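# Working through the structure, step by step
Residue-level listing of the chains:
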Amino acid sequence: LSLNLKKSDSIKNKIYRWDGIIKELSTSNEELYIYFMVTLPKKKQLQELVKLKLKSTNYDHIRSKLVFQEEAETFTKKIKEELQLN
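Quick summary incoming for the structure in this document. All values reported here derive from a predicted model rather than from experimental measurement.

## Describing the overall build of the protein
Helix and strand counts for the protein come out as three helices and two strands. When its helices and strands are written in sequence order, the protein yields α-β-α-β-α. Reported as C-alpha extents along the three principal axes, the dimensions of the protein are approximately 45 × 30 × 15 Å. Burial status across the protein gives 27% buried among its 86 residues. Counting every atom, the protein has about 6,500 Å² of accessible surface; 49% of that belongs to carbon and sulfur.

Below, the structure is given as structure tokens:
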């Protein structure tokens, strides 16, 4: 998710849209783990909103993790290795 948008309202709308998607997914009984690859907005206040809404979920069977732009390469290598082991 690229959240490095110019308008604060656009960033908030995108965050709340994804928060709604997570809530909808929570209606399923399946265990889910969501990885968000994120480019954060430049404003610190909005960075905290992103982390609060996308990282913390209040559902027993849904967990999420934020993977930031600077972590992307390491993260993808780890996932590739895990897939090759299975």
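Don't stop here, the text continues.
## Quick notes on the nonpolar core
Ranked by internal contacts, the top residues of the largest apolar core, which has 14 residues, are Leu3, Ile15, Phe36, Val38, Val50, Leu54 and Leu66. At the level of secondary structure, the elements contributing two or more residues to this core comprise helix 1 (8-25), strand 1 (32-38), helix 2 (44-55) and strand 2 (62-68). Tallying contributions element by element places helix 2 first for this core, with four residues. Not counting residues up to four positions away in its chain, the partners in contact with Phe36 are Leu1, Trp18, Ile22, Leu54, Ser64, Lys65, Leu66 and Val67.

## Quick notes on the pattern of salt bridges
One pass over the full model with this rule turns up four salt bridges. Among the salt bridges present, the one from Arg63 reaches Glu31, with a minimum N-O distance of 3.3 Å. With a gap of 32 residues between them, Arg63 in strand 2 and Glu31 in the loop between helix 1 and strand 1 connect regions that are remote in the sequence. Taking the relative accessible area as the measure of exposure, Glu31 reaches 53% and is therefore exposed. Its salt-bridge partner being Glu82, residue Lys78 comes within 4.0 Å of it at the nearest N-O pair. Of this pair, Lys78 and Glu82 both sit in helix 3 (residues 72-85), four residues apart, which is roughly one turn of that helix. What makes Lys78 partly exposed here is its relative accessible area of 47%. Under the relative-accessibility criterion, Glu82 is labelled partly exposed at 37%.

## Details of the pairing of strand 2
When you tally the buried positions in strand 2, you get five out of seven residues, the bulk of the element. Where strand 1 meets strand 2, seven bridges bridge the pair, whose relative direction is parallel. Following the sheet pairing, Tyr35 is matched in strand 2 by Lys65.

## Here's the deal with the packing of aromatic side chains
Aromatic ring pairs are described here by two measures, namely the spacing of the ring centres and the angle between the planes. What the rule picks out here adds up to three aromatic pairs. Measuring from ring centre to ring centre gives 5.0 Å for Tyr33 and Tyr35, while their planes differ by 35 degrees; the resulting arrangement is tilted. Their ring planes at 50 degrees and their centres at 4.9 Å tell us that Tyr35 and Phe75 sit as a pair that is tilted. Here Tyr35 is found in strand 1, whereas its partner Phe75 is found in helix 3, with 40 residues between them in sequence. A residue is classified by how much of its surface remains accessible, and Tyr35, at 39% relative accessible area, is partly exposed. Feature note: the residues Tyr33, Tyr35 and Phe75 constitute an aromatic cluster, connected by ring pairs.

Definitions and limits used
Residues numbered from 1 in each chain as written. Predicted model: local features only at pLDDT ≥ 70, side-chain atom pairs only at ≥ 80, totals over all residues. Heavy atoms only, no water. Helix = DSSP H or I, 4+ residues; strand = E, 2+ residues; numbered from the N terminus. Buried < 20%, exposed > 50% of the residue type's maximum accessible area, 1.4 Å probe, protein only. Areas by Shrake-Rupley, 256 points an atom, 1.4 Å probe, with all protein chains shown as cover. Core = buried A, V, L, I, M, F, W, Y, C linked by side-chain atoms within 4.5 Å. Contact = heavy atoms within 4.5 Å. Salt bridge = Lys/Arg side-chain N within 4 Å of Asp/Glu carboxyl O. Pairing = 2+ DSSP bridges. Phe/Tyr/Trp six-rings, centres within 6.5 Å; stacked < 30°, edge-to-face > 60°.

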